[in-house]
Amino acid sequence: MIADVVKNESKNEGKLKYGLFLGCNIPFNRPDVEQAMRKIFPALGVEIDDLMGQSCCPTWGTMPSIDIVAWCAVAARNLCLGEEKGIDLMTACNSCYGSLNEARHKMLTNPDILKSVNDILSKIGKKYEGRAKCRHVAWVLYKDVGLERIKESIKYTLDDITIAVQPGCHFLWPSEVYPDKEEDPFNPKVLRELCEVLGAEAPYYSKLVDCCGMGALRSTDPEKSFTLVKEKLECIKEELDADLIVTTCSSCLIQLDDAQERLRKSGKLNFSIPVLHYVQLLALCMGFDPEQVAGISVTPRDEIIDKIINKR
Amino acid sequence: MIEPEEGVPTILNLSEISEREREEEEKVVDIVREFGAENLIYCMQCGSCAAVCPLARVGFEWYNKKLIKALLLGLKEELLDDPTPWACVACNRCTEVCPRRVSPFEVMFAVRRMMVEEFAIPTLAIEGLRALYEYGHAVYMTGREARKKVGLPEKPPSTDSDEKALKDLKTILRNTKLAELGLIPMND
C-alpha cells in the first residue's frame with residue numbers, strides 16, 4: 001500500500017503551485033493569516049490557486065464524529081478540487097492538515113472506504129483517485145521553498161528576539177498519515193529552524209510539544225482548557241522569557257492569543273507575550289503591511305512589530 | 001463495599017458494573033469496533049496512551065486507557081452521560097506511542113459515533129453540523145469587517161461564494177449517515 005501511495009503522488013513538474021486550502025478559522029476568524037499567505041507565497045515563487053468551492057475540511061466535531069465514510073466523502077470533495085488541477089493542497093491550519101490527511105490515509109489503506117466514498121462522489125460527478133494530498137505551509141516553506149530562499153527574501157531580521165515555538169498537535173501526530181515527517185515528532189525541529197533562519201533564537205523548552213488546550217477540549221470544559229494553556233505560557237515565561245510565541249497552527253494561534261487575555265483579566269496571569277502564525281512572522285520580515293498580515297489579535301502585538309520593523 | 005473516608009473519591013468497581021451489563025444484547029465492544037476501533041481488543045493496558053493524553057493530564061474521567069478497559073469489560077451506560085470523548089482534541093499522541101497499534105484516538109471517536117446514535121451529542125456539535133450543511137463551514141461568521149480590514153474580499157473563495165459547490169456538498173451530506181440520523185434539518 002505504501003508503494004501505491006508513492007505512485008499516487010501528485011506531480012508538480014518543477015514549478016511550485018498549490019491549492020490554498022483555507023478552512024474556517026483562518027478566513028472568518030483570522031483573515032490576516034490568509035492575507036499573509038497571499039502575500040508571501042507569490043513573492044517566494046509559489047503560485048497559489050484559490051480552490052474555488054472549497055469547504056470545511058471537515059473538522060473533528062462534525063463528520064469525523066458521525067461516520068468514517070461521511071468524513072472521508074467531505075474531505076475527498078476538497079481533495080478533488082486540487083486533483084482535478086493536478087496540484088496538491090496546502091494549509092496553515094493544523095486541524096485541516098490532520099483531518100484531510102487522516103481521511104486520505106483511510107481511503108488509501110481501505111479500498112472499501114474509497115469505494116463507498118466514490119459511490120457518493122459520483123452523485124456530483126466527481127471521483128477521488130488518491131493522488132492529491134494536503135501539505136502544510138510550514139513544510140512547503142521548509143522543503144520546497146527552502147531556508148536559503150527564505151533568508152534571501154527577508155528585509156528585516158529578528159536579532160535579539162527569542163521565540164517560543166508551538167508546532168501544534170496535528171503538525172506532528174500521527175506521523176504515519178502525514179506527507180512530511182519530523183525525524184522525532186516528540187522533539188520537532190522544523191519550526192525552530194524556520195524561526196532561526198530569520199535571525200531569531202528558538203530554543204527548546206520543556207513544554208514545547210504540550211497541547212494548547214484548544215478545540216474540543218475548550219468547548220467541552222473551558223476551565224480545564226485554560227489550565228493547560230496557563231501551564232504552557234508560564235513555562236514559556238520561566239524557561240525562555242520569550243519575546244514572541246510563533247505557531248504553525250491557526251487553532252493554537254487563537255488559543256494562545258485569546259486565552260492569554262482571559263487569564264490576565266481573571267488575575268491568573270501577570271505577563272503578556274504576543275503570538276503570531278509563522279506565515280505572519282515571515283510576511284512581516286519580508287516587509288508587508290503589518291495591518292494586513294498581522295492586524296488581528298487580542299494580546300497586543302504593536303511593540304514586537306515595532307521592534308522587528310524599526311529595531312526599537 | 002467499604003465506605004470511603006470523607007474527601008476520598010468513590011472507587012468505581014468496573015468488574016462489578018460490567019457484570020450487570022453483560023446481559024446487554026449487543027456487546028459494546030462489537031459496536032465500537034464496527035465504528036472504527038477495530039484494534040481495541042489488542043490493548044494490554046500498558047498506559048502509554050494515558051501518559052501522553054492531554055485529557056488524562058487535566059482530569060477527564062474516561063481518558064483513553066480507562067475508556068478502553070471499560071469497553072472491554074462491556075460498560076456502556078456509564079459512558080453515555082460523560083463528556084470525555086467530546087473533549088478529545090484528536091491530537092493522536094496516543095496513536096503515535098501505542099505499542100499495540102490500538103489507536104486510542106479511533107476508540108474515542110468510535111465512542112462518539114456510538115453516542116451520536118443514542119443522541120448523546122453536545123449542542124455545540126449539532127450547531128457545527130448545521131453550519132457545515134448550511135454554509136459549508138463549521139465555523140461560520142456573518143460579520144466580515146475583519147476580512148475587509150485586512151484588504152480581502154468579503155467572502156472567501158469557498159462554498160460561501162460558490163452556490164454550485166455548496167449544492168454539491170449538500171448532495172454529498174444527504175447521501176451519508178448524517179441524513180439517516182436526522183440530527184439537523186437537511187433541506188435542498
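Residues numbered from 1 in each chain as written. Chains lettered and ligands numbered in written order. Predicted model: local features only at pLDDT ≥ 70, side-chain atom pairs only at ≥ 80, totals over all residues. Heavy atoms only, no water.

## A word on the domain arrangement of chain A
All names here are of chain A. Looking at chain A, the domain boundaries give domain 1 (2-137) and domain 2 (147-310). Computed from C-alpha coordinates alone, the two centres of domain 1 and domain 2 are separated by 24 Å. On the side of domain 2, 35 residues touch domain 1, which itself brings 30 residues to the contact. When domain 1 packs against domain 2, close to 2,700 Å² is buried across both sides, 64% of that on carbon and sulfur atoms. Its largest share of buried area at the contact with domain 2, domain 1 owes to Arg-30, Leu-44 and Asn-94, together 25% of the area lost on that side. Taken together, the connections running from domain 1 to domain 2 amount to 11 residue pairs in polar contact (both at pLDDT 80 or more). Contributing elements (two or more residues each) for the side of domain 1 that touches domain 2: α2 (25-29), α3 (31-43), α5 (94-109) and β4 (134-136). Among the elements that line the side of domain 1 that touches domain 2, the one with the most residues is α3, at 9 residues. By residue class, the composition of the side of domain 1 that touches domain 2 is 14 nonpolar, 10 polar and 6 charged. (Domains from an automatic or database assignment. Contact = heavy atoms within 4.5 Å. Buried area = accessible area lost by both parts, 1.4 Å probe. Polar contact = N/O pair within 3.5 Å; in protein donor to acceptor, adjacent residues only side chain to side chain. Helix = DSSP H or I, 4+ residues; strand = E, 2+ residues; numbered from the N terminus. Nonpolar A, V, L, I, M, F, W, Y, C, P; charged D, E, K, R; others polar.)

## Focus on the domain arrangement of chain B
Parsing chain B into structural domains produces domain 1 (14-117) and domain 2 (123-181). Here the C-alpha centre of domain 2 of chain B lies 31 Å away from the C-alpha centre of domain 1 of chain B.

## A word on the packing of α5 of chain A against helix α6 (residues 111-121) of chain A
Residues and elements named next belong to chain A. Taken N-terminus to C-terminus, the directions of α5 and α6 make an angle of 110°; their axes are 5 Å apart at the nearest point. Overall, the two elements α5 and α6 adopt an arrangement that is roughly perpendicular. In contact with Lys-106, Met-107 and Thr-109 of α5, α6 contributes Pro-111, Ile-113, Leu-114 and Val-117. (Axes fitted to C-alpha atoms, helices over the stretch in contact; angles between N-to-C directions. Parallel < 35°, antiparallel > 145°, perpendicular 65-115°, else oblique.)

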